[in-house]
Amino acid sequence: AQSVSQHNHHVILSEAASLELGCNYSYGGTVNLFWYVQYPGQHLQLLLKYFSGDPLVKGIKGFEAEFIKSKFSFNLRKPSVQWSDTAEYFCAVSLMGAGNMLTFGGGTRLMVKP
Amino acid sequence: KAGVTQTPRYLIKTRGQQVTLSCSPISGHRSVSWYQQTPGQGLQFLFEYFSETQRNKGNFPGRFSGRQFSNSRSEMNVSTLELGDSALYLCASGPSGREEETQYFGPGTRLLVL
């Protein structure tokens, strides 16, 4: 069965620290990859997505992610976090050609200390 | 443009009852997907609708059903409620149901089953 794993459930960083959140998936076919963010009290919103092409994807607010096909990974990075990045981050995968059915990871709660 | 709206925002029901939740997509969007979010299981896909047709269905029992109307509004129904159905139910809409499009999530309906 398809699955998405996010290794860190909770991460605490100080402002200006670098961030890397891990995401690994288990899928048998070609995949589309996403990172969503949920800020406190707000809706889920898309940070970035990968469908094809350059495996290094840049998103909003300075986030980027790298698709490494051989490792079935799509890790999220940001060189310098801010207090406003405090949120829950979800990695998600869909199977190419299978519509908009997303399989989500369990989420990572990030707290950035000012 | 108004975002995805979901009604009601909060709901309390008792075991055995049924419930109907509503989702109005962003104006012009034709694709609607539903997700269930719980602390234990995370975000799980329920259904996807496009042009009044169900395109995908997640691994949920038949008590969970949905439909989409000609104006793209969607409803989901849960019959014979169980305690485990307590969750946040999220709806997402997309312009034309293509995988590469961004899906926009609503605020959710929080259902509590007593």
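The structure under discussion appears in the preceding block.
What you see is a predicted model, and the numbers here were worked out from it, not measured in a lab.

**Student:** Sorry if this is basic, but what is going on with the packing of aromatic side chains here?
**Tutor:** Working definition: an aromatic ring pair is given by the centre-to-centre distance plus the angle between the planes. Residue and element names in this part refer to chain A. One pass over the full model with this rule turns up 16 aromatic pairs over all chains. Measuring from centroid to centroid gives 4.8 Å for Tyr50 and Phe67, while their planes differ by 40°, and the two rings are tilted. In this pair, Tyr50 is assigned in strand β6 (residues 44–50) and Phe67 in strand β8 (residues 64–68), connecting sequence segments 17 residues apart. Side by side, Tyr50 and Phe67 carry an identical accessibility label, which is buried. With a centroid separation of 6.3 Å and 90° between ring planes, the pair formed by Phe90 and Phe104 is classed as edge-to-face.

**Student:** Mind showing me how you'd approach the pattern of salt bridges here?
**Tutor:** Once their charged atoms are close, side chains differing in charge can pair, the charge on each being opposite to the other. Residues and elements named next belong to chain A. Across all of its chains, the model carries eleven salt bridges over all chains by this definition. Here Lys78 makes a salt bridge to Asp85, at a shortest N to O gap of 2.9 Å. By relative accessible area, Lys78 is classed as buried at 7%. The closest approach of N and O atoms between Arg109 and Glu88, which form a salt bridge, is 3.6 Å. Residue Arg109 is found in strand β12 (residues 108–113), and its partner Glu88 is found in strand β10 (residues 87–95); the two are separated by 21 residues along the sequence. Taking relative accessible area as the criterion, Glu88 reaches 14% and is therefore assigned buried. It is possible to trace a salt-bridge network through shared partners that takes in Lys58, Glu64, Glu66 and Arg77.

**Student:** How do you make sense of the pairing of strand β5 (residues 42–50) of chain B when you look at a structure like this?
**Tutor:** Within a regular strand, the side chains alternate between the two sheet faces. Residue and element names in this part refer to chain B. Along β5, eight of the nine residues are buried, which leaves the element largely enclosed by surrounding structure. Sheet topology places strand β4 (residues 31–38) next to β5; eight bridges connect them, and they run antiparallel. Across the sheet, Gln36 pairs through a bridge with Gln44, a residue of β5. The turn joining β4 and β5, which pair antiparallel and follow one another in sequence, is formed by three residues. The sheet contact formed by β5 and strand β6 (residues 53–57) spans four bridges and is antiparallel. Paired with Glu48 across the strands is Asn56, a residue of β6.

**Student:** How should the interface of chain B and chain A be read in this particular structure?
**Tutor:** Interfaces are often described in size by the accessible area the parts lose on coming together. Taken residue by residue, the interface counts 21 residues in chain B and 19 residues in chain A. Interface of chain B and chain A: buried area, both sides summed, is about 1,700 Å²; carbon and sulfur atoms make up 52% of it. Together, B:Leu43, B:Glu99 and B:Phe105 form the three largest contributors to the area buried by chain B at its contact with chain A, with a combined 40%. Summed over the shared surface of chain B and chain A, the number is zero salt bridges.

Rules used in this analysis
- Per chain, residues are indexed from 1 in the order of the written sequence.
- Key to labels: chains lettered from A, ligands numbered from 1, both in the order written.
- Since the coordinates come from a predicted model, pLDDT governs what is reported: local features require at least 70, and pairs of side-chain atoms require 80 or more to be given and counted, while whole-chain, interface and lining totals use all residues.
- Excluding hydrogens and water, the side-chain figures rest on all heavy atoms present in the structure.
- Any two of the Phe, Tyr and Trp rings considered here, Trp counted by its six-membered ring, make a pair once their centres fall within 6.5 Å; the pair's planes then place it as stacked at under 30 degrees, edge-to-face at over 60, or tilted in between.
- A run of DSSP states H or I qualifies as a helix once it reaches four residues; a run of E qualifies as a strand once it reaches two. Both are numbered from the N-terminal end.
- The classification of residues rests on relative accessible area computed with a 1.4 Å probe and restricted to protein chains. Under 20% of the type maximum is buried, over 50% is exposed, and intermediate values are partly exposed.
- A side-chain nitrogen of Lys or Arg and a carboxyl oxygen of Asp or Glu constitute a salt bridge if their distance falls within 4 Å.
- A pair of strands counts as paired when DSSP detects no fewer than two bridges linking them.
- Residues are treated as being in contact if the distance between any of their heavy atoms lies within 4.5 Å.
- Throughout, the accessible surface (probe 1.4 Å) given up by two parts as they are put together, summed over both, is called the buried area.

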